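Residue strings, one per chain:
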Amino acid sequence: MRQADVTRNTSETKIQISINLDGTGKAELASGVPFLDHMLDQIARHGMIDLKVVANGDTHIDDHHTVEDVGITLGQAFAKAVGDKAGITRYGHSYVPLDETLSRVVVDFSGRPGLEFNVPFTRARVGDFDVDLSIEFFRGFVNHAGVTLHIDNLRGINAHHQIETVFKAFGRALRMALELDPRASGSIPSTKGSL
């Protein structure tokens, strides 16, 4: 079972995350940041990952610490659940449209953290959510999951659509990368023999 439970407690946040990489897309989300919950739901549903997130953070200051630390903790949970990566497809990609917007996400469970984030947001906020926090979420994730992640918003006018297509494409790219390849016979998907 590719599952993990991770808790992260700091002076700024207290976060508990449970994931099942072979789930059905079920999500229980209480991050304290409603727009983040909406985006996490996209990851779960489109990634077919069961995801439970409970976070208590210093949102009276702003949402930065909570969003970043949820990304960190989610990355830790993925690293734990995927284990040695034997038999996974390793690479995943997805293009997702939403009305006028189109985004592409490509992921590699390489063991090497790296983020290329190219999203020219058309406004600074979606409701109360600071759009700059999306890069903090993904930076936290890649650094602790040990993945290389390329995110490109190819076109878009509506900032909500820009962020939503990114998170949907991220979920779908994860799903592809984490699929078990029946022809791989449980081998590590690298000529080096380890990731």
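Residues numbered from 1 in each chain as written. Predicted model: local features only at pLDDT ≥ 70, side-chain atom pairs only at ≥ 80, totals over all residues. Heavy atoms only, no water.

K.L.:
Tell me about the packing of aromatic side chains, residues and numbers included.
P.N.:
All told, the structure shown has 9 aromatic pairs when counted by the stated rule. Ring centres of Phe137 and Phe167 lie 5.4 Å apart, and the angle between their planes is 45°; on these two criteria the pair is classed as tilted. Taken as a pair, Phe137 in helix α3 (residues 133–145) and Phe167 in helix α4 (residues 159–178) lie far apart in primary sequence, 30 residues in all. For the pair Phe137 and Phe167, a shared accessibility class is recorded, and that class is buried. Put simply, the rings of Phe78, Phe117, Phe121, Phe137, Phe138, Phe141, Phe167 and Phe170 touch in pairs and so form one group of aromatic residues. (Phe/Tyr/Trp six-rings, centres within 6.5 Å; stacked < 30°, edge-to-face > 60°. Helix = DSSP H or I, 4+ residues; strand = E, 2+ residues; numbered from the N terminus. Buried < 20%, exposed > 50% of the residue type's maximum accessible area, 1.4 Å probe, protein only.)

K.L.:
Kindly report on the nonpolar core, identifying the contributing residues and their values.
P.N.:
Among soluble globular proteins, nonpolar side chains are generally buried collectively. Counting 53 residues, the largest nonpolar core has Ile19, Leu74, Phe78 and Phe137 as its most contacted members. Ranked by residue count, the leading element in this core is α4, at 10 residues. Those residues in contact with Ile19, other than ones at most four positions away along the chain, are Arg2, Gln3, Ala4, Ile49, Asp50, Leu51, Leu74, Ala77, Phe78 and Ala81. (Core = buried A, V, L, I, M, F, W, Y, C linked by side-chain atoms within 4.5 Å. Contact = heavy atoms within 4.5 Å.)

K.L.:
Describe the sheet that holds strand β2 (residues 13–20), and please don't skip the residues or the numbers.
P.N.:
A sheet is described by the order of its strands in space; here 4 strands give the open sequence β1-β2-β4-β3, paired in mixed fashion. Edge positions in the sheet fall to β1 (3–9) and β3 (27–30), since each has one partner strand and no second. Across the sheet, the axes of successive neighbouring strands diverge by a mean angle of 5°, strand direction being ignored. Two strands pair when backbone bridges link them, and β2 and strand β4 (residues 50–57) are joined in this way by 8 bridges, in the antiparallel orientation. Each residue of the ladder has a partner; that of Ile17, found in β4, is Val53. The sheet contacts of helix α1 (residues 34–47) involve β3 and β4, and relative to β3 the element is tilted by about 160°. Running over the sheet, helix α2 (residues 64–82) touches β1, β2 and β4 and is turned about 35° from β2. (Pairing = 2+ DSSP bridges. Axes fitted to C-alpha atoms, helices over the stretch in contact; angles between N-to-C directions.)

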